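Residue-level structure breakdown
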Amino acid sequence: MSTPHNSAEKGQFAKTVLMPGDPLRAKFIAETFLENPVLVNNVRGIQGYTGTWKGKPVSVMASGMGMPSIGIYSYELFKEYDVENIIRIGSAGAYVPDLKMFDVVLASAAYSESSYAKVQSGYEDCFGYPSKALNEKLLKAAKDLEIPVKEGVIHSSDVFYRENHDGGEDPVNDKHCICVEMESFALFNNARVLGKNASCLLTISDSLVSHEATTAEERQTSFTRMMKIALDAAIAD
C-alpha cells in the first residue's frame, strides 16, 4: 500500500509521528536520536523514518513548508497509515519581546486567516486547537527534562513575504498571538476531522521584534531541546 505522496507500506509508521518541516531536520532527528532508524519514505525528498526511542517505536517525517503541504502529509498519515498522534516540531518567528532565540513554545491554539479548513471541511472558525491530552504529555516531558516551555496562541500564516500590511485583524493585538509559523492550523484541522491527536511545539528561530535570526544549519541541528521533549512525549503512556 502507498499513496501518491508516500511509498511506505501500511504498518511502517509508528502510532506517533514527529513532524518537522525540513526533510534535513527529519534526517537529523532520525540519525541522532532514534535507535535503528529505517527510511520508509523518500517521495519528493520528504523523508520519513521509523525507529525506536528508549525501546518504543517512533516515526519522524517532514511536512514541507506551508499548510497545503502539511495538509497532504498529515492527512495521509492519519487516514491511510493509522497514525494516531502527530507532533509538529518547527521553527517560528517571535512577535513579542519576551520570546528569545531558541525559546520553546507550545501552541495552545493556532489563529489563521487561511481558507484551508473551510475548503477542506466547512470549518468556519479562525482558530484551530491541539489535543489537550497530547499537550499535557509535552508539558510533563518538558518538566521532567527541566526545559522551560512557554504556552500561547500562535499565528499560522499562508504568506511569508507580505506586501499588504493594512486591513484585517492584527494577529498580535487582536488575536494575542505570540509567534508565527505556517503549518499548524491545517494540522489541527486534519486531526479534528479525522478524530486524531495533534500538537505543535516550536523553537524561536527569528524575531520580528529584535530582528535576530538563526542560520539554516542551526535550524536543522540546534533545536535539540524541542526534539527531546517531543520524543519523550511520543512514548509517554
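The following paragraphs examine the structure supplied in this document. All figures in this text were calculated on a predicted structure; none of them were measured in a lab.

1. Quick look at unusual backbone geometry
For Asn36, which is not a glycine, the phi torsion comes out positive at approximately 55°. Topologically, Asn36 is positioned in strand 2 (residues 35-41). On the accessibility criterion, Asn36 (67% relative accessible area) is exposed. Positive phi outside glycine occurs at Asp82, with the angle close to 60°.

2. A few points about the packing of helix 1 (residues 23-33) against helix 7 (residues 224-234)
One way to put it is that helix 1 packs onto helix 7 with a least axis distance of 12 Å and a crossing angle of 65°. With respect to helix 7, the element helix 1 is oriented roughly perpendicular. The handedness of the crossing between helix 1 and helix 7 is right-handed. Counted together, Arg25, Phe28, Ile29 and Phe33 of helix 1 and Thr224, Met227, Lys228 and Leu231 of helix 7 form the full contact between these two elements. When the residues that make up the contact of helix 1 with helix 7 are grouped by side-chain class, the tally is 5 nonpolar, 1 polar and 2 charged.

Analysis parameters
- Residues numbered from 1 in each chain as written.
- Predicted model: local features only at pLDDT ≥ 70, side-chain atom pairs only at ≥ 80, totals over all residues.
- Heavy atoms only, no water.
- Helix = DSSP H or I, 4+ residues; strand = E, 2+ residues; numbered from the N terminus.
- Buried < 20%, exposed > 50% of the residue type's maximum accessible area, 1.4 Å probe, protein only.
- Axes fitted to C-alpha atoms, helices over the stretch in contact; angles between N-to-C directions.
- Parallel < 35°, antiparallel > 145°, perpendicular 65-115°, else oblique.
- Left-handed = near helix turned anticlockwise from the far one by under 90°.
- Contact = heavy atoms within 4.5 Å.
- Nonpolar A, V, L, I, M, F, W, Y, C, P; charged D, E, K, R; others polar.

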